[in-house]
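# Tertiary structure, described
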Amino acid sequence: MTQERIQTQYRLPGPFASQTALKQAIAQAIEAHKQDFFPLLERLVDVGDTRVNLSQQNPLRVLSIELDEDGSKGLAHLNYESNFAESCLIINEYDQHQTSVAFRLEGDELVFDFELPIAWNFNN
């Protein structure tokens, strides 16, 4: 089995006057392309139960952006929600989750390159 990856890049509208402005631009790029992160978040909430899914109501929010000292790499701290739905019992429960995703900056490009968690498989 090969490990699945997500590799994306987004152009940032720099130059930026401060690290705060850069962090805001990174957060806005993630929010604007949140659907690109759904495969990761879906794997993170996958517990082998089809009743548990990534929430479509509140699937992703950027909590904060952390940059290293030279501003070339960092972490995006994300919040997302899963829900448990059992229709015959009219249960719909939501859970909040957090994860951090590493990125790097290459000029005016925000680059994400990370491996997806291995998919749940009852047969193994």
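Right, let's walk through the structure included here.

So, how was this worked out
Residues numbered from 1 in each chain as written. Predicted model: local features only at pLDDT ≥ 70, side-chain atom pairs only at ≥ 80, totals over all residues. Heavy atoms only, no water. Salt bridge = Lys/Arg side-chain N within 4 Å of Asp/Glu carboxyl O. Helix = DSSP H or I, 4+ residues; strand = E, 2+ residues; numbered from the N terminus. Buried < 20%, exposed > 50% of the residue type's maximum accessible area, 1.4 Å probe, protein only. Pairing = 2+ DSSP bridges.

### A few points about the pattern of salt bridges
- Scanning all chains against the criterion turns up seven salt bridges.
- One salt bridge connects Glu-4 with Arg-43, and the closest N-O pair in it is separated by 2.4 Å. Residue Glu-4 is found in the segment before strand S1 (5–11), and its partner Arg-43 is found in helix H2 (residues 38–45); the two are separated by 39 residues along the sequence.
- Notably, a salt bridge pairs Arg-11 with Asp-108, separated by 2.9 Å at the nearest N-O pair. Residue Arg-11 is found in strand S1, and its partner Asp-108 is found in the loop between strand S5 (91–106) and strand S6 (109–115); the two are separated by 97 residues along the sequence.
- On the basis of relative accessible area, Asp-108 is assigned to the partly exposed category, the value being 33%.
- One network of salt bridges, in which partners are shared, links Arg-5, Asp-113 and Glu-115.

### Things to note about the pairing of strand S4 (residues 73–86)
- Within S4, 10 of the 14 residues are buried, which leaves it mostly tucked inside the rest of the structure.
- In terms of strand pairing, strand S2 (residues 52–54) meets S4 through three bridges, oriented antiparallel. Bridging from a neighbouring strand, Val-52 pairs with Phe-84 of S4.
- One ladder, built from six bridges, connects strand S3 (residues 61–67) with S4; its direction is antiparallel. Considered in S4, the bridge of Glu-66 is made with Leu-75.
- Taking the residues between adjacent antiparallel strands as the criterion, S3 and S4 are bridged by five residues, where Gly-71 takes a positive phi near 75°.

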